[in-house]
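One-letter residues, chain by chain:
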Amino acid sequence: MSRCPLGTVVFGGAAEDAFPLLKIPLKETVSVSNHAALAQFCRDQEIRLVVVGPEVPLAAGIVDDLTAAGVRCFGPTAKAAQLESSKSFTKAFLDRHEIPTARWKSFTDPKAACSFINSANYPALVVKASGLAAGKGVIVASNKEEACKAVTEIMQDKTFGTAGETVVVEELLEGEEVSCLCFTDGITIAPMPPAQDHKRLMDGDEGPNTGGMGAYSPAPQISKQLLQKIRDTVLQKTVDGMRKEGVPYFGVLYAGLMLTKDGPKVLEFNCRFGDPECQVILPLLKTDLYEVMQAVINKKLSSSMPVWFEDSAAVTVVMASEGYPGTYPKGLEITGLSKAKELGLEVFHAGTSLKDGKVVTSGGRVLTVTAIKEDLMTALQEANKGVAAIHFKGAIYRKDIGYRAIAFLRQSRGLTYKNSGVDIAAGNTLVQKIKPLAAATSRSGCNAELGGFAGLFDLKAAGYEDPVLVSGTDGVGTKLKIAQVCKRHDTIGQDLVAMCVNDILAQGAEPLFFLDYFACGKLDVEVAQGVIAGIAEACKKAGCALLGGETAEMPGMYPPGEYDLAGFAVGAVERGQMLPQLEKIADGDVVIGVASSGVHSNGYSLVRKIVEKSSFDFSSPVGISGDQTLGDLLLTPTKIYSKTLLPVLRSGHVKAYAHITGGGLLENIPRVLPESFGVVLDALTWKIPEIFCWLHKEGNLSEEEMTRTFNCGIGAVLVVQKELAQEVLKDVQRHEAAWLIGKVVSLQKGSARVKVHNMLRALQANRSLSVHSHIQGKIQANKVKVAVLISGTGTNLEALIKSTKKPTSFAQIVLVVSNKAGVEGLRKAERAGIPTRVIDHKLYESRTEFDSAVDKVLEEFSVQLICLAGFMRILSGPFVKKWEGKILNIHPSLLPSFKGANAHKLVLQAGVRVTGCTVHFVAEEVDAGAIIFQEAVPVKVGDTVETLSERVKEAEHRAFPAALQLVASGAVQVGEAGKIYWK
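This text gives an overview of the structure that appears in the document. Values in this document were obtained by computation on a predicted structure and should not be read as measured data.

### A word on the overall build of the protein chain
What the protein chain contains, in helices and strands, is 31 helices and 40 strands. On the principal axes, the C-alpha backbone points of the protein chain span a range of 105 × 80 × 60 Å. When each of the 983 residues of the protein chain is scored for burial, the buried share is 51%. Looking at the protein chain alone, contacts between residues at least 24 apart form 73% of all its contacts between residues at least 6 apart. Only carbon and sulfur atoms are counted for the fraction: they give 52% of the accessible area of the protein chain, which is about 44300 Å². For the protein chain, the separation between the mean place of its 107 positive charges and that of its 106 negative charges on side chains is 2 Å.

### Some remarks on unusual backbone geometry
Omega for the peptide link from serine 217 to proline 218 comes to -5°, which places this bond in the cis form. If you trace the backbone, proline 218 turns up in the loop between strand S12 (214-217) and helix H8 (224-244). Leucine 895 connects to proline 896 through a cis peptide bond whose omega is 15°. Assignment of secondary structure puts proline 896 in the loop between strand S36 (887-891) and helix H30 (903-910).

### Comments concerning the nonpolar core
By size, the foremost hydrophobic cluster in this structure holds 86 residues, and its most contacted members are Phe514, Tyr563, Leu634, Leu681 and Trp686. A total of 10 residues in this core trace back to one element, the largest contributor, which is helix H17 (residues 525-542). In this structure tyrosine 563 touches Leu480, Ala483, Gln484, His489, Ile492, Phe518, Ala519, Cys520, Val527 and Val531, once residues within four positions along its chain are discounted. Counting residues in each nonpolar core, the second largest holds 41 residues, with Leu58, Cys180, Ala255 and Leu259 among its members.

### Brief notes about the sheet that holds strand S21 (residues 510-520)
The strand order across the open sheet formed by four strands is S20-S23-S21-S22, and the pairing between neighbours is mixed. In this open sheet, the two edge strands, each paired with only one partner strand, are strand S20 (467-475) and strand S22 (545-553). Sheet twist, expressed as the average angle between the axes of neighbouring strands with direction ignored, equals 15°. Strand direction decides the pairing type here: S20 and strand S23 (residues 563-574), joined by nine bridges, are antiparallel.

### Considering the packing of helix H16 (residues 492-504) against H17
As a packed pair, H16 and H17 sit with axes 6 Å apart at the nearest point and diverge in direction by 40°. Considered as vectors, H16 and H17 are oriented oblique to each other. Crossing geometry of H16 relative to H17 is assigned as right-handed. Here Ile492, Gly493, Gln494, Leu496, Val497 and Val501 of H16 lie close against H17, whose contacting residues are Val531, Gly534, Ile535, Ala538, Cys539, Lys541 and Ala542. A per-class count over the contact of H16 with H17 returns nine nonpolar, three polar and one charged.

### With respect to the sheet that holds strand S28 (residues 677-682)
Taken together, six strands build an open sheet; the order of strands is S27-S29-S24-S30-S28-S31 and the sheet is mixed. Of all strands in the sheet, those with a lone pairing partner are strand S27 (654-659) and strand S31 (754-757), marking the two edges. Sheet twist, expressed as the mean angle between neighbouring strand axes with direction ignored, is 25°. Inspection of the sheet shows S27 paired to strand S29 (residues 714-720) by five bridges, in the antiparallel sense.

### Points about the packing of aromatic side chains
Applying the stated criterion to the full structure yields 11 aromatic pairs. Ring centres of phenylalanine 89 and phenylalanine 93 lie 6.3 Å apart, and the angle between their planes is 20°; on these two criteria the pair is classed as stacked. Taken together, the residues span about one helical turn, with phenylalanine 89 and phenylalanine 93 both in helix H5 (residues 87-96) at a distance of four residues. Taking the relative accessible area as the measure of exposure, phenylalanine 93 reaches 0% and is therefore buried. Geometrically, the ring pair formed by phenylalanine 107 and phenylalanine 116 is tilted, given 5.4 Å between the ring centres and 45° between the ring planes. As far as burial versus exposure is concerned, phenylalanine 107 and phenylalanine 116 are alike and both buried.

### Here we look at empty space enclosed by the protein
Scanning the entire structure with this criterion turns up one cavity of 30 Å³ or more. Taken as a whole, the largest cavity holds about 60 Å³ of empty space. Lining the largest cavity, in full, are Leu83, Glu84, Ser86, Lys87, Thr90, Lys91, Lys128, Glu170, Leu267, Glu268 and Phe269. Looking at the lining of the largest cavity, its residues break down into three nonpolar, two polar and six charged.

### Topic: the environment of alanine 147
Inspection of the secondary structure puts alanine 147 in helix H7 (residues 144-155). For alanine 147, a relative accessible area of 0% gives the class buried. For alanine 147 and alanine 113, which are 34 residues apart along the polypeptide, the C-alpha to C-alpha distance reads 9.5 Å. For alanine 147, the residues in contact, after removing those within four places along its chain, are Ile117, Ala124, Leu125, Val127 and Ala141.

### Some thoughts on the pattern of salt bridges
Summed over all chains, the structure comprises 42 salt bridges. Here arginine 443 ties to glutamate 510 by a salt bridge, and the two come within 2.9 Å at their closest N and O atoms. Remark: glutamate 510 occurs in strand S21 and arginine 443 occurs in the loop between helix H14 (424-439) and S20; sequence separation between them is 67 residues. Residue classification places glutamate 510 among the buried positions, given a relative accessible area of 15%. One salt-bridge network, held together by shared partners, links Asp203, Asp205, Arg398, Asp400 and Arg404.

### Some remarks on the side chain of glutamine 196
Take glutamine 196: it is sitting in strand S9 (residues 196-197). At a separation of 2.7 Å, a polar atom in the side chain of glutamine 196 contacts the side chain of glutamate 176. In terms of polar contacts, glutamine 196 uses its side chain to reach the backbone carbonyl oxygen of glutamate 177, at 2.8 Å. Apart from residues no more than four positions distant in its own chain, glutamine 196 is found in contact with Glu176, Glu177, Val178, Gly214, Ala215, Tyr216, Gln221 and Arg404.

### Let's talk about the pairing of S22
For S21 and S22, the ladder comprises eight bridges, and the chain directions are parallel. Across the sheet, residue phenylalanine 514 finds its bridge partner in S22, namely leucine 546. Between S21 and its parallel partner S22, the chain crosses via H17, and the hand of that crossover is right-handed.

### Some words on H17
In a regular helix each residue adds 1.5 Å, so 18 residues correspond to 26 Å; H17 covers 25 Å between its end C-alpha atoms and thus fits that length. Residues of H17 that are buried sit in contact with H14, H16, S21, S22, S23 and helix H20 (642-649). Backbone geometry just after H17 places glycine 543 at a positive phi near 80°.

### Considering the packing of H30 against helix H31 (residues 945-968)
Direction vectors running N to C along H30 and H31 enclose 115°, while the axes themselves pass 9 Å from each other. For the element pair H30 and H31, the recorded crossing hand is right-handed. Across the interface between the two elements, His904, Lys905, Val907 and Leu908 from H30 touch Val945, Leu948, Ser949 and Val952 from H31. For the contact of H30 with H31, the per-class residue count stands at five nonpolar, two polar and one charged.

### Quick look at the side chain of aspartate 185
Looking at where aspartate 185 falls in the secondary structure, it is placed in the loop between strand S7 (176-184) and strand S8 (189-191). In this structure, aspartate 185 is buried with no salt-bridge partner, the nearest side chain bearing the opposite charge being arginine 243 at 7.3 Å. Here isoleucine 187 takes part through its backbone nitrogen, which lies 3.1 Å from a polar atom of the side chain of aspartate 185. At a separation of 3.1 Å, a polar atom in the side chain of aspartate 185 contacts the main-chain amide nitrogen of leucine 301. Leaving out residues up to four positions away in the same chain, aspartate 185 has contacts with Tyr249, Phe250, Ala295, Val296, Lys299, Lys300, Leu301 and Ser302.

### Considering the pairing of strand S33 (residues 811-818)
Most of S33 is tucked away, with seven of its eight residues classed as buried. Relative to S33, strand S32 (residues 784-790) runs parallel, the two sharing seven bridges. For leucine 789, the partnering residue across the bridge sits in S33 and is valine 817. What joins S32 to S33 is helix H26 (residues 795-804), and the crossover it makes is right-handed. Strand direction decides the pairing type here: S33 and strand S34 (residues 836-838), joined by three bridges, are parallel. Considered in S34, the bridge of serine 818 is made with valine 838.

What counts and what doesn't
- Residues numbered from 1 in each chain as written.
- Predicted model: local features only at pLDDT ≥ 70, side-chain atom pairs only at ≥ 80, totals over all residues.
- Heavy atoms only, no water.
- Helix = DSSP H or I, 4+ residues; strand = E, 2+ residues; numbered from the N terminus.
- Buried < 20%, exposed > 50% of the residue type's maximum accessible area, 1.4 Å probe, protein only.
- Contact = heavy atoms within 4.5 Å.
- Areas by Shrake-Rupley, 256 points an atom, 1.4 Å probe, with all protein chains shown as cover.
- Lys, Arg positive; Asp, Glu negative; His and termini not counted.
- Charge placed at Lys NZ, Arg CZ, Asp CG, Glu CD.
- Core = buried A, V, L, I, M, F, W, Y, C linked by side-chain atoms within 4.5 Å.
- Pairing = 2+ DSSP bridges.
- Axes fitted to C-alpha atoms, helices over the stretch in contact; angles between N-to-C directions.
- Parallel < 35°, antiparallel > 145°, perpendicular 65-115°, else oblique.
- Left-handed = near helix turned anticlockwise from the far one by under 90°.
- Nonpolar A, V, L, I, M, F, W, Y, C, P; charged D, E, K, R; others polar.
- Phe/Tyr/Trp six-rings, centres within 6.5 Å; stacked < 30°, edge-to-face > 60°.
- 1 Å grid on protein atoms, 1.4 Å probe; cavity = no way out; pocket = protein on both sides within 12 Å on 5 of 7 lines; lining within 4 Å.
- Points joined across faces, edges and corners; volume = space filled by probe spheres on them.
- Salt bridge = Lys/Arg side-chain N within 4 Å of Asp/Glu carboxyl O.
- Polar contact = N/O pair within 3.5 Å; in protein donor to acceptor, adjacent residues only side chain to side chain.
- Right-handed = clockwise from strand over helix to strand, strands pointing away.
- Expected span 1.5 Å × (residues − 1).

What follows is the structure, given as structure tokens:
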């Protein structure tokens, strides 16, 4: 902070004599525990930012109090800091939000803790003081006796004082321990380079635990893919979880993780920069730290993400006092500091002070020596040189900091192109699959055989005498996003071809051949084949050959499941038939509009924003029959005009053709007109598809926005002489819907080149054409009343709420019941405006009594259907019988296989390649009711319980709402003998 280019003066809150070593001016010493005095000091000194380093002041509420006094602070509030100050709070939080961590239990009674250690069905050998213990309150025991001894020392002997009044006993995890930190403004996270510290006192990870004897960053064991997983499943979920619980987290979040065979799991959180991790991470920060902190406080981190030095590594080595972490001497003179500085190293002071002009020891961990070099090996060597140059009596330090990383880097891993993410075999497979598709597009002049370095086209064989070549290129834009969300890849190829061939028609050119470019991060052969099959089919419609293309697999360029497309069309026109004929266009010429099939392929960024803000999503049913989704409607492919319009264009009766593409009606028509002319159009003369009416209404769009962004039902326009207009119109109407929509006019200076009259009236008129709106679909007046029973976070509840909030839903959630108070699911329901009830099962002597209480509440709300969403109670026989055919449950496997608990574990043990989820009616026998809906999920090589569970849960979020709609609509019912009947 002292190096901030903004000229910041930094004040410290520790002993004054330590700070001259760091060249930071300290004007006044203020007690950190006296928040009122500290706030006054900040006001007096006009301090604009307070950065809280240690955990104790954070837990004491220093950020709360200074913020309330009008002083800007960097750091979490006391409630948010519970992630560090209370181990038991953290473990419960992790469980609530399904963030991976070790199994655990907390205790206030030492006897109960020891009993649990001896009886647990996993190695319960990690004992933690729940409160703050200066980084030393964790004992990793080697056996049960040691673990029980640790409980006694912490709880009875008060080794860590009041911090040990509650202990957390955890499962001992195996794997690499790493540290992943991030900046966060409560919404956005900005991960820092991963680090690894060394807790044990001596080389080889021997000796007692300490606050840390050294660290290095970045940790090469954490690949980019693993870091992304940690970002998504730990850091972002934690920040999101805190925000959802009404305790937004600001500042630095430090996750101590164990890289287990089942994936990363949280060991602990710190609510600050760790020591010694801070000494190796911040030197790698390229962006000014002050600016990052301001972005965090201003909640603008997403627009001010920090930048880090690449191709650099940092190693820090701690020098500690003899006897540490026990008792140690103080006041020992330290020499060699200047020599370390001459070596270009950073020396960070911790337990030092000035005495009679000399630097002496005053703490357990005295100082750290940090080296920043181009690689870890060099950095470690340089740091060790600095440590060797610094002396004080009895100094303890490790010489093997970073040894795990170095061993990892020295491994011979025999990298291949496939290891880096490019699968040549998959690419070859794709080529073989699409060769016959391309060959089917052969035409005169070209045989469309793939596999060569280039494609050939014979213009003479195609019948041309004096041709001019015409080329065009285009993409599909963000319509691709909708195709990818809807998993519809068969039509997007036509959009690509149409956008290119419709463009070259503007010169009167016949499309001869086409080339495509397909780019992705990870090649999915099936998806790519579907896209290219669509391209080939569209080439046949356009009359051009698919002559070649490029498939680019580029790991890291695109997220999983995403791809991009580009197309290139080449056509030809005889020199005397080229368009537009600018010299022939005159005042009074008629404009013919040719119908579009819908939105075509422009304006989809706006379309997606409108859908996002509406009550619909791409899966919403539309149309009177509801057999089409909004996504299907928006994916209607762009019309290809070349075969139908080319004969008309070659007739000599057309003066100009314009493709209505990006820029809509307003910007495309002028591209084929002389500068002295414009057009006047009347929107009442053509039929506007209702999708545009819906977009106009839902987006509250202006007439100008509509006509500048969308084609509004006109995919192409022709300019013809007035006397020939009817003849040309009839020719066009043999194949396409078309209308006389306007005329060419001479422009007056400063007037618009395209005027569209009556657009608002036309949009409103077309919107009311039918009683059953094409977009609005069927909306049930009397929705089925649903209650959801939960016990925890309610992830499936959230999906059910979202589904039933849609106007097309046949069901309405009228009640959420939990057998546990304070769970996240109740908060989700309350935020959605749904009534909640807590019926604690512990207050009832039997299941029947508990179920009777639940039944009474269900009757109170006139409930007709029940959904069990993570409800951890087995319902009694009488209750199930009463509600037969009206209780839905979801199970994380494809029933009847893998019933009961631990389904994912059983799936992996069985070695099956496909699992999934099942929504079924509840019967008295567990997981035996009639099946309503199933969704399959592939089991991938290397899957763990956690990774498989995550993918199955995504399927559950789709399956449960779908099943509820089937039952609520009456499409599915239970008949005699518990069998399903479909209507």
